[in-house]
Amino acid sequence: MNLASRDSRHNFGRFVLTTIGVGLLLMLVMGMGGIYRGLVQEATLLVDRIDADLWVVQKDTRGPFAEISRIPVNLEDRVRAVPGVLTSRAFVSTTVQRQRNGQPLRITVQGLSWPEDRGQWLPLVAGRALGQVHYEMIADESLKLSLGEKVALAKDTYTVVGITRGLSSPSGDSMAFFALRDAQAIQFDQSGEAVRLERSARYARAELIDLGHTQPQVIERSLGPSSAIPALGPPVISAVLVKVQPGVDPNRVQSVIASWPDVSVYSSDGERQLLVSGIVDRSRRQLGLFRMLLIIVSGIIMALILYTLTLDKLHDIAMLKLMGARNGVILGLIMQQAVLLGALGYVVAYCIGQWLFPLFPRRVVIIPEDLWLLAGIVVGISVLASLLGIAKALSVEPSEVLS
Amino acid sequence: MSTGLGSGETVLQAEHLTKVYGSGHTEVVAVRDATLAVARGEIVALLGPSGAGKSTLLTLVGLILQPNAGRIAIGGETVFDNHRTRVNVRSFRRRHLGFVFQKANLIPFLTAAENVRLVMEINDHTHRAATRRAMELLEYLGVAERADHLPSKLSGGEQQRVAVARALANRPALILADEPTAALDSVRGRQVMELFRKVAHEQNAGVIVVTHDHRALDIFDRTFEMEDGRVREAVTVR
């Protein structure tokens, strides 16, 4: 006869409420683990999906996601010339914030190297990849933009032609993909007044030097667009993505590019590791500690609940002892109830989590390994939590039936 | 029906039992040199005013409390002697003793049948055997139709009958009842007392009933009176 289940059935309402309470606590523990997994996945999603063997970035920087990287656009051609390189693609990544319907709209703008890269590798849930070199964009569904919607960014208007799912930057901002030139236009957009001021400053600087006096055309040029001034550098990109030829050792190509004094180069795994150990690491530790605290709090609360449930049954436990029940029967009553409470709380946590986690603004990823680990922890804290109640129950004298 | 002990005529032999609570100025002698013997199939009453030591004597022979001195033998087996318990008391209680109290003390989350079954399952009976015997006992005590009800749905008299069934479940040699009718009206109280007599005679168990109810004394085979912790056998009323 299972006394624990019968007692729980008898006090059904209280048991259900207690289970829900414990379940909500466990859901928080589960969610913390899921948020951490989500952080890692968000941080590494693009690196994992973009299908590049090597990432070439500005010297001594940690790539386009961990920190700002600026490299000249012609680096794409230099890399392509390295023996063993199959393709090289320019890549731009920057985050902008605009207003949409009175609400802030944060977008991580990713520039794809048209026409080699049209975003055909993206996980599209609707629409298509980029079909023209300008004025089209692919947006993540979390931006809540619809297919065909027009979005004004910088001085141009872009049409949403594709929708992706689950693509956000390590900082949690939703991604949108543009052709490289459009991404740069968005990134380096300046107001008309800023352009005019810059030209005036250039004119003033040109007037102050001898070259300006001896070559009047230089002064005239300084009043024109910056792209017409040969002395100025071309627009910059964030990284060059390299795919090596089949059968070629990526390490060999990496060592060649790494010998250049103006760039750093990382393997795809290296870039991934940089993201995990850099951007996510502190969040991971923070979440890990918070998760640990929640487990301890859950254990303490479960112990108090089980102790209270045991106190309610002291008279019955004394009667059981009077009837000659072995300690195992009494221990089983309390421990089985603890494990039942933990197990049902775990199921409640899982069910509520499945419904609630997708509503969170950032990704919550629950993987089977974490679920098994948490199940083990729940059994552990259930057993530990029951010890207080068991100690109390074992100290009860049968003579207390008479009181 | 067998009680599971030896076939000696005397089921309880308590000799020179003494129980002292506290020490020094707070010392109270609850039972003083008490000697008592009960035979199989016999029902005896233990009478006396409040504080006379009746319940304490019952807890001593029920192996709930340990005497300071004296000897207790149940079913011919010495269970306490020379300041030492000679048996595993919990195991011994489980196999050889049955208890009924003023309150039925049924486990509230078990049905009447489950309350009876529980003591047998604790004593390693199979589920099937325990279920069969529980129903037999509830039938015997006239509460079979209430077998599936929780204690909270039973009347006081019904609860007490279930408690008696539970006390009988393991076929004990000795049943100890402490004021089992105190919470019942006179009619139901008498019914319960008659039930104990029936149990003693038909189940061949010794029954000791602590009671204040002098109206039911005709039911008992012998009567003992206690005062200031001392026991003496009274003149048989019947």
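Keep in mind that this is a model prediction, so the values were computed, not measured.

Participant: An account of the overall build of chain B is requested, with residue identities and associated values reported.
Facilitator: Across its full length, chain B holds six helices and 11 strands. In terms of overall dimensions, chain B is globule-like: its C-alpha atoms have a radius of gyration of 17 Å, near the 18 Å expected for 238 residues. When the backbone C-alpha atoms are referred to their principal axes, chain B occupies close to 50 × 35 × 35 Å. Counting the 238 residues in chain B, one finds 51% classified as buried. For chain B, long-range pairs separated by at least 24 residues make up 71% of all intrachain contacts whose partners lie at least 6 apart in sequence.

Participant: Before we move on, can you summarise the interface of chain B and chain A with the specific residues and values?
Facilitator: The partner chain A presents 16 residues to the 21 residues of chain B that form the contact. Only helix 1 (54–61), helix 2 (89–96) and helix 3 (112–122) of chain B provide two or more residues apiece to the side of chain B that touches chain A.

Participant: An account of the sheet that holds strand 11 (residues 230–233) of chain B is requested, with residue identities and associated values reported.
Facilitator: Residue and element names in this part refer to chain B. Taking strand neighbours across the sheet as the criterion, the six strands line up as 7-8-9-3-10-11 in an open arrangement whose pairing is mixed. The open sheet is flanked by strand 7 (97–100) and strand 11, the only strands paired with a single partner. Each adjacent strand pair in this sheet contributes to an overall mean axis angle of 20 degrees, direction not counted. In this structure, strand 7 lies alongside strand 8 (residues 174–178), joined through four bridges in parallel fashion.

Participant: Pulling in residues and values, what's your account of helix 9 (residues 250–258) of chain A?
Facilitator: All names here are of chain A. Taken together, the buried positions of helix 9 are Pro250, Val253, Gln254 and Ile257. Mapping the buried residues of helix 9 onto a view down its axis gives an arc of 100 degrees, with all of them on the same face. Across from the buried face of helix 9, at angles greater than 90 degrees, the exposed residues are Arg252 and Ser255.

Participant: Describe the domain arrangement of chain A, with residues and values.
Facilitator: All names here are of chain A. Structurally, chain A comprises domain 1 (3–43 + 281–402) and domain 2 (60–188 + 235–261). Placing the centre of domain 1 and that of domain 2 at their C-alpha centroids yields a distance of 47 Å. Taken together, the contact pairs four residues of domain 1 with four residues of domain 2. For the side of domain 1 that touches domain 2, the per-class residue count stands at one nonpolar, no polar and three charged.

Participant: Give me the lowdown on the sheet that holds strand 4 (residues 69–74) of chain B, citing residues and values where you can.
Facilitator: Residues and elements named next belong to chain B. What the five strands build is an open sheet, ordered 2-1-4-5-6; its pairing is antiparallel. Edge positions in the sheet fall to strand 2 (28–39) and strand 6 (84–85), since each has one partner strand and no second. Sheet topology note: the strand 4/strand 5 (residues 77–81) ladder contains four bridges and is antiparallel. Bridge pairing links Arg71 to Asp81 in strand 5.

About the cut-offs
- Residues numbered from 1 in each chain as written.
- Chains lettered and ligands numbered in written order.
- Predicted model: local features only at pLDDT ≥ 70, side-chain atom pairs only at ≥ 80, totals over all residues.
- Helix = DSSP H or I, 4+ residues; strand = E, 2+ residues; numbered from the N terminus.
- Rg over C-alpha atoms; globule rule 2.2 N^0.38 Å.
- Buried ≥ 20, exposed ≤ 12 C-beta atoms within 10 Å, placed from the backbone.
- Contact = placed C-beta atoms within 7 Å.
- Pairing = 2+ DSSP bridges.
- Axes fitted to C-alpha atoms, helices over the stretch in contact; angles between N-to-C directions.
- Arc of directions from axis to C-beta.
- Domains from an automatic or database assignment.
- Nonpolar A, V, L, I, M, F, W, Y, C, P; charged D, E, K, R; others polar.

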